Protein chains: 2
Amino acid sequence: MATNASKPADLSRLINPRSIALVGASDRDGSIGERTLTNLLTHSTFEGEIFLINPSKTEIRGRRCWPSIASLPAVPDVAVVVVPASNALGVIEECAARRVRFAVILSSGFSEAGAEGERAQARMKEIAEAGGLRLYGPNCPGLCNVNARLGLTFSPSFPHDLIKGPIGLATQGGGIGRNVMQAMERGIGIGLWASTGNEVDLQVADFIHYMADAPDIKVIITLLEGIKDGAKFAAAVQRAAANGKPVIGLKVGKSEYGRRAAQSHTASLTGSAQVNSAVFKQFGVIEVNDIDELVDTAWLFARAMPPAQEAVGIYCSSGGTSALTADAVGSAGLTLAQFTEETTAVLRKNLPHYAAIGNPVDTTTVVLSDKTVVETTLGAVAGDANLGLVIVPITLDYGETTARMAQNIINVQKRGKTPIVPIWMSDRQGEGYRLLVREGFAPPRSVGKAIAAIARWVEYGRWKRANPAFTQALPAVAPPPGEFTTRSLSESQAKQQLRDAGVALLPNALARSAEEACALADRMGYPIVAKIASQQIVHKSDVGGVQVNLQNAEQVAQAWQRIMTQVTRAQPDAKIDGLLIEKMAPGGGVELMVGVTRDPTFGHVMTFGLGGIYVEILRDVTCRMLPLDKTAAAAMVREMRCFPLLDGARGRPAADVPALENLLVRISDFVTRHADRIEEMDLNPVWVGAVGEGAMPLDAVIIERVPAGASA
Amino acid sequence: MATNASKPADLSRLINPRSIALVGASDRDGSIGERTLTNLLTHSTFEGEIFLINPSKTEIRGRRCWPSIASLPAVPDVAVVVVPASNALGVIEECAARRVRFAVILSSGFSEAGAEGERAQARMKEIAEAGGLRLYGPNCPGLCNVNARLGLTFSPSFPHDLIKGPIGLATQGGGIGRNVMQAMERGIGIGLWASTGNEVDLQVADFIHYMADAPDIKVIITLLEGIKDGAKFAAAVQRAAANGKPVIGLKVGKSEYGRRAAQSHTASLTGSAQVNSAVFKQFGVIEVNDIDELVDTAWLFARAMPPAQEAVGIYCSSGGTSALTADAVGSAGLTLAQFTEETTAVLRKNLPHYAAIGNPVDTTTVVLSDKTVVETTLGAVAGDANLGLVIVPITLDYGETTARMAQNIINVQKRGKTPIVPIWMSDRQGEGYRLLVREGFAPPRSVGKAIAAIARWVEYGRWKRANPAFTQALPAVAPPPGEFTTRSLSESQAKQQLRDAGVALLPNALARSAEEACALADRMGYPIVAKIASQQIVHKSDVGGVQVNLQNAEQVAQAWQRIMTQVTRAQPDAKIDGLLIEKMAPGGGVELMVGVTRDPTFGHVMTFGLGGIYVEILRDVTCRMLPLDKTAAAAMVREMRCFPLLDGARGRPAADVPALENLLVRISDFVTRHADRIEEMDLNPVWVGAVGEGAMPLDAVIIERVPAGASA
C-alpha cells in the first residue's frame, strides 16, 4: 500500500519479451513443464531465443537444455518458472542474481496453501525486490499474448486462444479469466490475458495500466477478487480513461457471507462493495454483475464507441419480441429513436400495410417469403441519422430463413457504421448463428443481456461527454505507520475544527454554568438547543442530554437542571464540560447526512445521503473516494433518489444546493488536509435550507487517530 | 369482459380430439395447407379419423377429399381451418351449422390486418357464438400437443417438438411461444403449447385453466401481450394455485413507449404493468423479466417442488466462481447452508487441505486429476439434510475432464432427490454440456440466471407454505353498461360515506358561517384545521383554501376571512358550501396514502404506500386487485420499503398497524359494495399513530360514475 509501489511497472519486456527461459522444461507427457513447453514451441510463433532449463536433461525435443539460470549464456527477459514450490525460491535467487527482469511463476503451493507457503511467498518477494526482479504469480496459469501469439502458460486451452482482438483481459483468478477467454467461441477477440494469481508483486492494476497504453488494446476487462493497492488501481483506471479506453469491471466477493461485520455506522451503510462501486463510478469504470456481461459489454465497445446520438432502433419480425425489447429499452432508461421521414417512407413502401413501421419495426413474417425486404428496410433503419445503434432480436432459429436474415444483417452492416446488434434468443444455434459469430457479431443470448450491455455503452458515452478532460485526483491512501488508538472529539471541539475549515455552522458556544448558558442564549437569540458537552457521551439523546426549542432564558435555565440531573443519573462517571448552547435550525429544510470513513483499500471515503430516520430505512446514500471536486460533489447530490426533494418538487422551495455542494467539497478538503489523523466523521443531520439559507451540519462527530501511548 | 365469458371452456376435445377435419388441405409444396397436412399425417401419431377438405380435389396423398364440412359423413371434434381469410367465414358458418365443437383458425388477415379484417373477425365471433362453436385463433400457428404427439399447426418446426414433458405453455404470440419451444434444444420438455393469436374467443386463460386440471402438466408457463378478461385470467391462475401447479408468467408490452399517458395521479404511480405484477403476486404467479428466465424457472419446478429446507449449497472448482455465486446467492436473499458434521468430515478427508470445505465448497483443481473425488464429495453435499438444492457452477469447458464432471453430477443426482443445478457458464458447449442436456439438467447459462430461477423457486415455496389453503376472492370486473360521466364528491360528502362504511375519521363538520365554524371548533377542541368546502375545488391548498393549527375561536374566525378572500380571488366562479372544520391530527405518526382506481382489465385496484411529499419521489407503493382480505392487507403493509418506520425502527413508537390493516379492508369492502359507481378514490394523507391511536384518512377524494345525462 506504500505510495512507491503505486508506480506502474514497465511491462513491455514481459508481454513482448526478446528471450525466454523455461525453468522446469520437461518432456514428461501432461506435466506442467511439458505443457508449457508445447505452448511455447508448438502453439506460439515466438521468434526470440528460448532457453530450456532442466538440470537432469541435456536435450528436450532436439533443443539444448541448460542446468540453471546461472549457466545461461545470455540473460533472458523473462523466466517462466514451473518447478515445484519447494525449488522455486532457489530459481528466483538465481534470476535476481542474473538481473533477469521478469519471472512468471506458474507453480502453486504458496500463500493459497497455508502458513508455510505464505512464508515462502514473502521470502520470494524479498529476494525479488532486492534484485530488481519483477514477479508475476505465483499460483496462476500464466500470460497469454494472443495478438502476438505467445503463451507463457501451461493451459491446455491455449491452442484454442486464436481470436485476436482489441480486448485486454486482466484477472486474478485463472478459472474465471479462462471463462472469459472461452467467449472466443462466440467470436470475441481478446488480444491479451493476464491472470496474476497470488499477486506477490505485479497486480491486475499493473496490467490495466499497461493495456491503457498498449496500441493493440482498445477495451479493458477486469475481473477482481480483491484490490491490493487502491491508489495503484485508481491510477491505472485513470490512465485508461485519459486514453479513451473503457474499462469494464466485475468485482466478486461482495456478499455478506464470509465478510466481517461492518464496524461503524457509516461503514455498515456503505460496506466495501459500495466503496468499490463508488470508485468504479468515479473513474468511469463500467461495473457489471455477471461474467457473461463482461464480454457482451466489452464487445460492443470493441465494435464502436458510443456516439452522441443515443437513441436506438429495434428491428424485429415478431410482435411479441418487439414489445419485449421495447420494454427492456424503456426500463433501462434508453430512448427509442423517431425515424426520419425518409426511413418511414422506405418502410411504408416495402413492408405490408399491417406491419409496424414505427420504432420498434415489426416486419411480420413477410421476411420468411420476401428475400430482399430485410436488406432494404433494415438498411434504411441502420442508415437513419436519428439513431446510434440498431437492435435486431432474432426470436427463432428457422434454419435457412434465419441464415438468410443473418446474411442480410452482415450485408447491411458492411454498408454502414451504425452498429447492428443481433440478439440470438433461441437455444437452437444453427447456420445463422454460426454466420453471425464468424463475422464478429458475437450475438448476446437474451434481450435482457443485450440491453444491459447497450445501456452501459450509452451511459459510458454520456460520462465521457460530461468529462471530456477527465482527471480525478488520486487518494493518498497510505495511513501513517505505527500503532495507534482512536478518540472521539467533543461536539464542541469537532464543530470548532469544522468552523476553522470554513464550514458554515449555527452559532454555538460552550456554557460552563446555567448563568453562562442563559447569557449565551440571549446573545444568540431564540429558539435555542442545549446539548450535554462531554467527551465520554456520544449518544447524547439516549442519556437525556438534549433539549430543543427553548424559547427564553428561563427555559434555558430549566434545561440546564433537567439535563444535568438526567445525565448524571444515566452516566455518573462521565466528565461533564457543560452545555453546548446552539441556535436552533430554522423551520423547513431537509435533513441529510455526511459520513467519512477510512477504507483499507481506497483511503477516505465520503458517504452522503438522506439523514434522520430515513437514512437506515431507505439507504438513499451515495459514496465517493476523497478528494472530491465541485463536479463530483454536484454528481453526488444529484445521485440521491431524493434529489427531487431538494430540487423544488411538489411545490417545495428549492434547496440551497450550491451551499450543499460547497459543504461537501470543504469537508473533503478538511479530511484530505488532516488525512493522517482523521479516522471517521459523522455529520448527521446536515440541514439544508431554501436557496440562500445555506447548508450546515447540526451535529458533528470526529474520531481521530492517536499514536499508541498518547493519552486520550 | 362479461361475467358469462369468464367461465372456462371444456377443452378436452380440442386438445385430444377423436376426429379432425382439415379445411384447405393441399398438396402444393410449402403451402400452409400442405404443411399442416404433413404435420398431421407424418409427424403426428393421431389414431382418430382425419377428414381432408378441398373442393377442387378428390384425393390427396391417397386419402379421400371432401368438398366441404357440410358434406362430411360425420361431425369432427375439431376443424382446422387454413383457407384464406376471405373464405374462412363460410367455413365457420358450415362448422356452426354442423355443430362442430372447435375451429382452429390458422389463417391470418383478421383484426391484425386492419378495419376490414376486424369486421370479418367480429362476424366470425357472432356466427360461432350463435352456433355453440368455440374458436381458436385466428392468426396463430396452431396447437401442439407434444405429449400426445398431435400437431394442429402449419409450423415447419413441429417435427422438432419431440421432448415430451410436464410443462404447459400458453402464449398469444406465435414467435415468442416458438422461442420457448426451442428450449427443447436444452432438454426442456414441453407437453402442450397453445398459441391463441387474436383470441377471438378462446384465450390464454382458458388454456391455463385446462392445464391446471390436466394430469400430464405440472408447471405452466404463460407469455402474455395483453389480458383480455381479467376475471377469467384470475380464475385460471387461482385454479392452478389450488391444484398446486406453479404458473410462471412474462407480460410483455409494459413499457411507456406507445402507452397512453396515465390519467389520474394514482394511475400514474401504478400504471398497468404494476397492476399486472400485483395481480400476479396476489395469485402466486411467478413473474419473470425475460424469455429465457421462463424456461430456467419452469424447469426447476418440473424437476422438484421447493422443499421447506430453503438453504442451498454451492459446489465449485474455481475460487472466483464460488465467490461470484455466493454474491449472487446473497443478493437474491437466499441462504447458504451450514453443512452437517458428517458432510464436513467427508470433505475434509477427501479434498486437499487448501480446498475450501465450508459452503461454498471450492475443490480446487484436484478435480482435474482425481477421478473419484467429485462423486464422493458432491455426493456428501447433495445428501446433506441442511440444504434443499445444490448449485454446481461449471466455469469452463475443459473437454474430457468437464465431461467427467458432468457424468459425476448425473451419477450423484441418480442417488438422491435433492436437485443439483449445474450452471454451464462457458460459451464452449462440448461433450459435458451434451451429457447434461441429454440427462435433462437443462443447465442455465449464467450464474445470474440460475440464481434468479432458484430464488423464484424458493420464494414460491414460501408463498405456498404461507397460503396452504389458497383462496382469493375473484373480482367482479364488469362495469355497468352504458355511457357515463364522472363527478368528484366534496370532501365532506366523501368523508360522510367513509364514516358510514365504518372508517375512523377525525371529528369534522361543515360550517356555513364564521360563527358556526367557531362553535363547531369549540365543541371539537383545538387545534383545528379549516378547509374550503366546494365541489368545484379539488386542490384546496393551491387556492389558499386551507388553514392549519388554529388554536382558538379567534383564529378560526380569522381563518374564515382569509380563506374566503383567497379562494374568491383565485376561483371566483366556484360555488362555496362553507368551511370544513376538522380536528387536527395529533403530533407524531406517519403519513401514508391509499388510492383506488378502476383498471380496465382487473377492475378496482388499491394502491397503498408512503404519503405526503415522499409518495412521488420514493414511489414506495404497493398495489392489489380488490377485494382484499386481512391477510392481503397485512402483506401490503409489510411490502412497503418503509415498513420499518411503522415497526418501531430507530426508537420510534410502533405504529398502529392493526388499525391500518383494518382501514385497508374497510376501504376494500366499501369499494366492492359500491363497485358500480366508484371510479376512483384518493385518501392522502392517511395518518397512522402509535399503537392504540388508530389510522385515519385526513383528506378524501371520491370520484363517482354518473349515468350520462344525469346532472352533476
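As a starting point, this report considers the structure included with it. Remember, it's a predicted structure, so these values are computed and weren't measured experimentally.

Conventions adopted
Residues numbered from 1 in each chain as written. Chains lettered and ligands numbered in written order. Predicted model: local features only at pLDDT ≥ 70, side-chain atom pairs only at ≥ 80, totals over all residues. Heavy atoms only, no water. Helix = DSSP H or I, 4+ residues; strand = E, 2+ residues; numbered from the N terminus. Buried < 20%, exposed > 50% of the residue type's maximum accessible area, 1.4 Å probe, protein only. Contact = heavy atoms within 4.5 Å. Lys, Arg positive; Asp, Glu negative; His and termini not counted. Charge placed at Lys NZ, Arg CZ, Asp CG, Glu CD. Axes fitted to C-alpha atoms, helices over the stretch in contact; angles between N-to-C directions. Parallel < 35°, antiparallel > 145°, perpendicular 65-115°, else oblique. Left-handed = near helix turned anticlockwise from the far one by under 90°. Nonpolar A, V, L, I, M, F, W, Y, C, P; charged D, E, K, R; others polar. Disulfide = S-S within 2.5 Å. Expected span 1.5 Å × (residues − 1). Arc of directions from axis to C-beta. Least-squares fit on C-alpha atoms with pLDDT ≥ 70 in both. Buried area = accessible area lost by both parts, 1.4 Å probe. Salt bridge = Lys/Arg side-chain N within 4 Å of Asp/Glu carboxyl O. Polar contact = N/O pair within 3.5 Å; in protein donor to acceptor, adjacent residues only side chain to side chain. Pairing = 2+ DSSP bridges. Core = buried A, V, L, I, M, F, W, Y, C linked by side-chain atoms within 4.5 Å.

Our focus in this paragraph is the overall build of chain A. Check the secondary structure of chain A and you find 23 helices and 29 strands. When burial is assessed residue by residue, chain A has 60% of its 712 residues classed as buried. A sequence separation of at least 24 residues applies to 71% of the contacts in chain A between residues at least 6 apart. Computing the positive centroid from 70 side-chain charges and the negative centroid from 72, chain A places the two 3 Å apart.

Residue and element names in this part refer to chain A. One way to put it is that helix 11 (residues 341–350) packs onto helix 13 (residues 373–382) with a least axis distance of 8 Å and a crossing angle of 160°. When the axes of helix 11 and helix 13 are compared, the pair comes out roughly antiparallel. Helix 13 is crossed by helix 11, and the crossing has left-handed handedness. Across the interface between the two elements, Thr-343, Val-346, Leu-347 and Asn-350 from helix 11 touch Val-373, Thr-376, Thr-377, Ala-380 and Val-381 from helix 13. For the contact of helix 11 with helix 13, the residue count by class is five nonpolar, four polar and no charged.

Turning our eyes to something else, we now look at the state of the cysteines. Using the criterion set out here, one finds zero disulfides over all chains in the structure. We note that A:Cys140 lacks a disulfide partner, and the nearest cysteine sulfur, in A:Cys144, lies 10 Å from it. On the accessibility criterion, A:Cys140 (2% relative accessible area) is buried. The thiol sulfur of B:Cys95 is not disulfide-bonded, and the nearest other cysteine sulfur, from B:Cys140, lies at 14 Å. Under the relative-accessibility criterion, B:Cys95 is labelled buried at 0%.

This part takes up the packing of helix 18 (residues 514–524) of chain A against helix 19 (residues 553–570) of chain A. Residue and element names in this part refer to chain A. At a minimum axis distance of 9 Å, the contact between helix 18 and helix 19 shows a crossing angle of 145°. Between helix 18 and helix 19 lies a crossing of right-handed hand. Together, Ala-514, Ala-517, Cys-518, Ala-521 and Asp-522 of helix 18 and Ala-553, Val-556, Ala-557 and Trp-560 of helix 19 make up the contact between the two elements. Per-class residue counts for the contact of helix 18 with helix 19 are eight nonpolar, no polar and one charged.

The next thing to look at is helix 4 (residues 115–131) of chain A. Residue and element names in this part refer to chain A. Between its first and last C-alpha, helix 4 extends 25 Å over 17 residues, near the 24 Å set by a 1.5 Å rise per residue. For helix 4, the complete set of buried residues consists of Gly-117, Ala-120, Gln-121, Met-124, Ile-127, Ala-128 and Gly-131. The arc that holds every buried residue of helix 4, seen down its axis, measures 125°, which confines them to one face. Away from its buried face by more than 90 degrees, helix 4 exposes Ala-115, Arg-119, Glu-129 and Ala-130.

The second copy of the chain is related to the first by a rotation about an axis and a shift along the axis. Expressed as a screw operation, the relation of chain B to chain A combines 0.1 Å of axial shift with a rotation of 180°, fitting to an RMSD of 0.2 Å. What we have between these two chains is a two-fold relation. In this assembly the copies share their binding face: 100% of the residues contributing to the interface of chain B also contribute to that of chain A.

Residue and element names in this part refer to chain A. You can see Ala-521 is positioned in helix 18. The exposure class of Ala-521 is buried, given its relative accessible area of 0%. Separated by 62 residues in sequence, Ala-521 and Lys-583 have C-alpha atoms that sit 7.6 Å apart. Leaving out residues up to four positions away in the same chain, Ala-521 has contacts with Tyr-526, Ile-528, Val-556 and Ile-581.

Moving on, we get to the interface of chain B and chain A. Taken together, the contact pairs 68 residues of chain B with 68 residues of chain A. Roughly 5600 Å² is buried in total at the junction of chain B and chain A, and carbon and sulfur atoms are behind 55% of that figure. Between chain B and chain A we count six salt bridges in total. When the shortest N-O distance is used, the salt bridge between A:Asp427 and B:Arg445 registers 3.1 Å. Our count for the contact surface shared by chain B and chain A stands at 18 residue pairs in polar contact (both at pLDDT 80 or more). At nine residues, helix 10 (residues 319–331) of chain B tops the list of elements feeding residues into the side of chain B that touches chain A.

Let's shift gears to the sheet that holds strand 13 (residues 247–251) of chain B. All names here are of chain B. Across the sheet, seven strands lie side by side as 9-8-11-10-12-13-14; this open sheet has mixed pairing. Only two strands of the sheet have a single partner each, and these edge strands are strand 9 (150–153) and strand 14 (286–287). The pairing of strand 13 with strand 14 spans two bridges and is parallel. Paired with Ile-248 across the bridge in strand 14 is Ile-286.

The next thing to look at is the nonpolar core. A:Leu14, A:Phe207, B:Leu14 and B:Phe207 are the most contacted members of the largest nonpolar core, which has 230 residues in total. Ignoring any residue separated from it by four or fewer positions in sequence, one finds B:Leu14 in contact with B:Val78, B:Phe102, B:Val104, B:Tyr136, B:Leu143, B:Leu152, B:Leu202 and B:Phe207. Counting residues in each nonpolar core, the second largest holds 87 residues, with A:Val596, A:Leu664, B:Val637 and B:Ile667 among its members.

Moving on: the sheet that holds strand 15 (residues 312–316) of chain B. Residue and element names in this part refer to chain B. Reading across the sheet, the four strands line up as 16-15-17-18 and stay open at both edges, with parallel pairing between neighbours. Looking along the sheet, the strands with just one partner apiece sit at the ends: strand 16 (361–362) and strand 18 (420–424). Contacting strand 17 (389–394) and strand 18, helix 14 (residues 400–415) crosses the sheet at an angle of about 160° to strand 18.

Now for the pairing of strand 9 of chain B. Residues and elements named next belong to chain B. On strand 9, burial covers both faces: Leu-150 and Leu-152 on one face and Gly-151 and Thr-153 on the other are all buried. Sheet topology note: the strand 8 (residues 142–145)/strand 9 ladder contains four bridges and is antiparallel. In the strand pairing of strand 9, Leu-143 is matched with Leu-152. Between the end of strand 8 and the start of strand 9, which pair antiparallel, lie four residues, with Arg-149 showing a positive phi angle near 55°.

Within the element layout of this structure, A:Arg178 appears in helix 5 (residues 174–181). Residue classification places A:Arg178 among the buried positions, given a relative accessible area of 2%. Reaching out from A:Arg178, the side chain makes a polar contact with the side chain of A:Asp161 at a distance of 2.7 Å. Non-local contacts of A:Arg178, meaning those with residues more than four positions away in its chain, are made with A:Cys144, A:Ser155, A:Ser157, A:Phe158, A:Asp161, A:Trp193, B:Leu396 and B:Tyr398.

Residue and element names in this part refer to chain A. Scanning the entire structure with this criterion turns up 77 salt bridges over all chains. A salt bridge links Lys-449 to Asp-290; its shortest N-O distance comes to 3.9 Å. Remark: Asp-290 occurs in the loop between strand 14 (286–287) and helix 9 (291–303) and Lys-449 occurs in helix 16 (residues 447–466); sequence separation between them is 159 residues. Grouping residues by exposure puts Lys-449 and Asp-290 together as buried. One salt bridge in this structure joins Arg-462 and Glu-459, with 3.8 Å as the shortest N-O distance. Taken together, the positions of Arg-462 and Glu-459, both in helix 16 and three residues apart, correspond to about one turn of that helix. Given a relative accessible area of 47%, Glu-459 falls into the partly exposed group. When salt bridges with common partners are traced through the structure, they connect Glu-491, Lys-495, Lys-531, Lys-540, Glu-582 and Asp-699 into a single cluster.

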